[in-house]
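Fold and contact review
The primary structure of each chain is shown beneath.
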Amino acid sequence: MHLLRILPTIAFGIIYCLCSVQSSVGFEYFKEKPSYLETCKIYEPEFTKCSTRSVQAFLTEIFNERVPEVNAVLGKLEPLKLDRLNFKQDNNEAATIRATLTDLMVSGLSKIQVTESRVSKKDFGWLTKLFLPNFKLEGQYKMDGRILLLPLNGEGHMIIDIDSMNITMRTKTRLIEKGGFTFYNVTEIKVDVDAKKMFTRFDNLFGGSNKEIEDSTNESFNKNWRDFFEALRPLITDTVNKVMFKLISKVFLLYPANFFVSDIPAPEKFYGAK
């Protein structure tokens, strides 16, 4: 009898899950503006203030994984997994590095703050200023080279933990049409980063041959964190750039640009008919 009573509940749960999966699989883009989006007019004087509020509310929803349709496309965002990152730097006086980072977990995006969001009337590119209270990169590294005159060779677990990171993001877009809507097609992102504090730990430096030297090297990096940050800035910038492009380029194909900027022109009108 107990089983008979709970069967309807089990059946409803199965049907709900199947419907959710089918809904996510068949989802192409939002055809109605979600309530969390504030629409702005680019030719009005207060556009930048409006855009900053709008993008803040939008990213809060996205990075806190509150939108199932977006989650189905982007996957888990906090933390965000990156499989592999290859990096080479040989034109910097502070560092010469060849590095491969794998099994990376990026955390901190859910606390993102938008301090300014500008959109160019000339080409509809963006200038976005962001603040992250904490940005943490953890995973496996394989590295050889030189940083701050110290030979840096090793392979193992690593942590790069940055406090109060400011990001200036310049985004190039191409307006495209789909289903009667205008969309932002993100073609390029370039970021500049800065920080107020950084902690790092690289295990198994120098092949793990001398734990005392490994510990003293890590201690030196953290004591002189600003110099070490400058040495690692290209690697950190490249990582943030790849993270932002991976996310932003996908998510803005799910939301018509008309939902953000009501008076954005149609691509044919803006670029001219072919």
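Thresholds applied
- Residues numbered from 1 in each chain as written.
- Predicted model: local features only at pLDDT ≥ 70, side-chain atom pairs only at ≥ 80, totals over all residues.
- Heavy atoms only, no water.
- Pairing = 2+ DSSP bridges.
- Helix = DSSP H or I, 4+ residues; strand = E, 2+ residues; numbered from the N terminus.
- 1 Å grid on protein atoms, 1.4 Å probe; cavity = no way out; pocket = protein on both sides within 12 Å on 5 of 7 lines; lining within 4 Å.
- Points joined across faces, edges and corners; volume = space filled by probe spheres on them.
- Nonpolar A, V, L, I, M, F, W, Y, C, P; charged D, E, K, R; others polar.
- Disulfide = S-S within 2.5 Å.

1. Examining the pairing of strand S6 (residues 181–194)
In regular strands, side chains alternate between the two faces of the sheet. Pairing between strand S5 (residues 150–178) and S6: 13 bridges, direction antiparallel. The residue bridging methionine 169 from the neighbouring strand is valine 191, located in S6. Between S5 and S6, which pair antiparallel in sequence order, lie two residues; one of them, glycine 179, sits at a positive phi of approximately 60 degrees.

2. Brief notes about empty space enclosed by the protein
In total, this model carries one cavity of 30 Å³ or more according to the counting rule given. Here the largest cavity is characterised by a volume of approximately 210 Å³. Ser51, Val55, Ser117, Trp126 and Phe252 are, among the 17 residues lining the largest cavity, the residues nearest its centre. Those elements that provide at least two residues to the lining of the largest cavity are helix H2 (47–63), strand S3 (113–119) and strand S4 (126–147). Here the lining of the largest cavity takes five residues from H2, the largest share from any one element. Looking at the lining of the largest cavity, its residues break down into 13 nonpolar, four polar and no charged.

3. With respect to the state of the cysteines
In this structure the tally under the stated criterion is one disulfide. Across the disulfide from cysteine 40 sits cysteine 50; the S-S distance is 2.1 Å. Judged by the sign of its S-S torsion, about -85 degrees, the bond between cysteine 40 and cysteine 50 is left-handed. On the criterion of sequence distance, the pair formed by cysteine 40 in the loop between helix H1 (2–25) and H2 and cysteine 50 in helix H2 is long-range, its members being ten residues apart.

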